[in-house]
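Structural features, examined
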Amino acid sequence: MADTITLHGIALSGPTQKIAFTLALAGQKFSYKHVNLGEGEHKKPEFLALNRYGQVPVLQHGAATLCQSGAILIHLADTLGALAGKDEKTKVQAKEWIFWDIDALSPPIFRCRAAARGMFKPEPDVLTFLQRQAGSALKQLDGFLEGKKFLTGDEVTVGDVSCYLPCFMAAEGNISLDNRPNVQAWMKRIEALPRFKAPYDLLPMKSAEIG
């Protein structure tokens, strides 16, 4: 019997969505446990026993419990046999893209999105700095995608998944993709994949069985 998979998180969380998106593209069923951040469930002892950082997401896969979205993405690619890459070179590159995203792309976009949603109120100069960081990362990504179908070549990997989510959510942070034609074309190719589901259609705002 296959190991069961349980994802703990919240549908509004970009990192949680990255994991749900990976599971969906891999055709993997999983249990979803909604974590009510507004009520502080992520700081309660039972959740801290799963994730010492008090953050979402958390993935339970068989006997393993993992936190931090990058580590979870790599684990899923390594264990599910999907989205990892076709050879060792591609597998390494896919992991590099995860780390690049977590360093350069997701942080400014997710923070601009959080500011637009009223989750925090940065000073105007801080918000301007974040917007510039986001624009710089998107410009880099657009250049990296020149002449490519996906980030590592002809097939989608967890690296694409990691970078897709912040691009999908960029508009929520008032960050435009209008001058990023390669990014837009790449996103459309991802959205044409057979198991694609729009991020906000992946997870409900309550616990559920998915897939």
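None of the values given here were measured: they were computed from a predicted structure.

Things to note about the overall build of the protein
- A count of helices and strands for the protein gives 8 helices and 5 strands.
- The secondary structure elements of the protein, listed N-terminal to C-terminal, are β-α-β-α-β-β-α-α-α-α-α-α-β.
- Its C-alpha atoms give the protein principal-axis dimensions of roughly 45 × 45 × 25 Å.
- For the protein, buried positions account for 49% of its 211 residues.

Comments concerning the packing of aromatic side chains
- A complete count under the given rule lists 9 aromatic pairs for this structure.
- Their ring planes at 80 degrees and their centres at 5.8 Å tell us that Trp100 and Phe144 sit as a pair that is edge-to-face. Taken together, the positions of Trp100 in helix α4 (residues 88-116) and Phe144 in helix α5 (residues 124-144) put the pair 44 residues apart, joining distant regions of the chain.
- With a centroid separation of 6.5 Å and 65 degrees between ring planes, the pair formed by Tyr164 and Trp186 is classed as edge-to-face. Of the two residues, Tyr164 sits in helix α6 (residues 158-169) while Trp186 sits in helix α7 (residues 181-191), which places them 22 residues apart along the sequence.
- Judged by relative accessible area, Tyr164 falls into the buried class, the value being 0%.
- You can call Trp186 buried: its relative accessible area is 0%.
- By the ring-pair criterion, three or more aromatic residues cluster together here, those being Phe21, Tyr164, Phe168, Trp186, Phe196 and Tyr200.

Examining the sheet that holds strand β3 (residues 58-61)
- The sheet built from 5 strands is open, its strands ordered β4-β3-β1-β2-β5 with mixed pairing. Looking at the sheet topology across the chains shown, the edges are occupied by β4 (64-67) and β5 (208-210). The average undirected angle you get between the axes of adjacent strands in this sheet is 20 degrees.
- Packed onto the sheet, helix α1 (residues 14-25) meets β1 (5-9), β2 (30-34) and β3 and runs at close to 155 degrees relative to β1.
- Along the sheet, helix α3 (residues 69-80) contacts β1, β3 and β4; its crossing angle with β3, the most-contacted strand, is approximately 25 degrees.

Looking at the side chain of Thr152
- Mapped onto the elements, Thr152 comes out in the loop between α5 and α6.
- Assessed through its relative accessible area of 15%, Thr152 is described here as buried.
- Setting aside residues up to four positions removed in sequence, Thr152 forms contacts with Thr90, Gln93, Ala94, Trp97 and Thr157.

Considering the nonpolar core
- Membership of the largest hydrophobic core comes to 62 residues, with the highest contact counts inside it found for Phe21, Phe30, Leu105, Leu141, Trp186 and Leu203.
- If you tally residues by element for this core, the top one is α4, at 9 residues.
- Beyond its immediate chain neighbours, meaning those up to four positions away, Phe30 contacts Ile5, Leu7, Ala20, Leu23, Leu203, Ala208, Glu209 and Ile210.

Re the packing of α1 against α4
- One way to put it is that α1 packs onto α4 with a least axis distance of 11 Å and a crossing angle of 120 degrees. Classed by the angle they form, the pair α1 and α4 counts as oblique. The residues of α4 that touch α1, namely those facing Gly14, Pro15 and Lys18, are Asp101, Ser106, Phe110 and Arg113.
- Here the contact of α1 with α4 is built from residues that sort into 2 nonpolar, 2 polar and 3 charged.

So, α5
- Under the 1.5 Å per step criterion, the end-to-end length of α5 is 30 Å for 21 residues, consistent within 8% with the ideal 30 Å.
- Taken together, the buried positions of α5 are Leu130, Ala134, Ala137, Leu138, Leu141 and Asp142. In an axial view of α5, the angular spread of the buried residues amounts to 140 degrees, which keeps them on one side of the axis. In this structure, α5 carries Pro124, Asp125, Arg132 and Lys139 as exposed residues pointing more than 90 degrees from its buried face.
- Buried residues belonging to α5 abut α4, α6 and α7.

Brief notes about the environment of Pro45
- Along the chain, the position of Pro45 falls in helix α2 (residues 45-48).
- Sequence separation of Pro45 and Leu141 is 96 residues, and the distance between their C-alpha atoms is 40 Å.

Rules of the game
- Every residue gets a number counted from 1 within its own chain, in the order that chain's sequence is written.
- Only residues with pLDDT of 70 or above have their local features reported here, since the model is predicted, and side-chain atom pairs are shown and tallied only from 80 upward, although totals for entire chains, interfaces and linings are computed over all residues.
- Excluding hydrogens and water, the side-chain figures rest on all heavy atoms present in the structure.
- Think of it this way: any DSSP run of H or I at least four residues long counts as a helix, any run of E at least two long counts as a strand, and we number them from the N terminus.
- Remark: exposure states derive from per-residue accessible area (1.4 Å probe, protein chains only) relative to the maximum for the residue type, with buried under 20%, exposed over 50%, and partly exposed in between.
- Under the pairing criterion, centres of Phe, Tyr and Trp rings, with the six-membered ring standing for Trp, must be within 6.5 Å; the plane angle then separates stacked pairs below 30 degrees from edge-to-face pairs above 60, leaving the rest tilted.
- Think of it this way: DSSP has to see at least two bridges between two strands before they count as a pair.
- For helices, the fitted axis covers only the stretch in contact; all axes are lines through C-alpha atoms, and the angles between them, taken along N-to-C directions, range from 0 to 180 degrees.
- The contact rule is simple, with two residues in contact once any of their heavy atoms fall within 4.5 Å.
- Note on terminology: a nonpolar core comprises buried Ala, Val, Leu, Ile, Met, Phe, Trp, Tyr and Cys residues joined through side-chain atoms within 4.5 Å.
- What sets the label is the angle itself: under 35 degrees gives roughly parallel, over 145 gives roughly antiparallel, 65 to 115 gives roughly perpendicular, and the rest give oblique.
- Ten residues, namely Ala, Val, Leu, Ile, Met, Phe, Trp, Tyr, Cys and Pro, are considered nonpolar, four, namely Asp, Glu, Lys and Arg, are considered charged, and the remaining ones, Gly among them, are considered polar.
- In this scheme, a helix's expected span is set at 1.5 Å multiplied by one less than its residue total.
- Note that the arc is defined by the directions from the helix axis to the C-beta atoms.

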